[in-house]
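Commentary on secondary and tertiary structure
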Amino acid sequence: MLQLSHKGLKVYQQGLNLVAEVYEKTKSYPKEEQFILVSQLRRAVISVCGNLAEGAARRSYAEKKRFYEISRSSLVEVDTQIEISLILKYLNRNEIIALEPHLESVFKMLSKMIVNIDHGR
């Protein structure tokens, strides 16, 4: 693998932890959700890390900010899909409590990165 700067970011590491947690939690979803909610949830959580990495590789502040915003939006999508999973009883409250620190941590770090880009100009 390439030794790229984004891999050393705490937010990226937290994002990878979230990917692992989501994949583990979605293993138990019903078969009929494999190509619907499971697929969408997994794509969204992967998008958090992918857009973060792509943003870190961009040169302009505007491009960095845009990819970080997309990453944060994907995280909001993950949060919504987790909430749907609770309503549908695919996850229980304790499983969601275990995911919340990862979600909150990544959201706060991405938000701070976006604000810092605005102040860094």
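Please refer to the structure placed before this passage.
Residues numbered from 1 in each chain as written. Predicted model: local features only at pLDDT ≥ 70, side-chain atom pairs only at ≥ 80, totals over all residues. Heavy atoms only, no water.

What follows covers helix H4 (residues 93–119). For H4, spanning 27 residues, the distance from its first C-alpha to its last is 38 Å, which sits close to the expected 39 Å at 1.5 Å a residue. Those residues of H4 lying buried are Ile96, Leu99, His102, Leu103, Val106, Met109, Leu110, Ser111, Met113, Ile114 and Ile117. Residues of H4 that are buried sit in contact with helix H1 (10–26), helix H2 (37–57) and helix H3 (61–87). (Helix = DSSP H or I, 4+ residues; strand = E, 2+ residues; numbered from the N terminus. Expected span 1.5 Å × (residues − 1). Buried < 20%, exposed > 50% of the residue type's maximum accessible area, 1.4 Å probe, protein only. Contact = heavy atoms within 4.5 Å.)

Together, Ile84, Ile87 and Leu88 give the surface a local cluster of nonpolar side chains, amounting to about 270 Å² of exposed area. Take Ile87: it is sitting in helix H3. (Patch = residues over 30% accessible without salt bridge, like charges linked within 9 Å, V, L, I, M, F, W, Y side chains within 5 Å. Areas by Shrake-Rupley, 256 points an atom, 1.4 Å probe, with all protein chains shown as cover. Salt bridge = Lys/Arg side-chain N within 4 Å of Asp/Glu carboxyl O.)

A few words now on the side chain of His6. Along the chain, the position of His6 falls in the segment before H1. Excluding its chain neighbours within four sequence positions, the residues that come into contact with His6 are Tyr12, Ala53 and Ala56.

Counting 31 residues, the largest nonpolar core has Val78 and Ile82 as its most contacted members. Listing elements by their share of this core, those giving two or more residues are H1, H2, H3 and H4. Setting aside anything within four residues of it in sequence, one finds Ile82 in contact with Leu41, Leu91, Ile96, Leu99 and Leu103. (Core = buried A, V, L, I, M, F, W, Y, C linked by side-chain atoms within 4.5 Å.)

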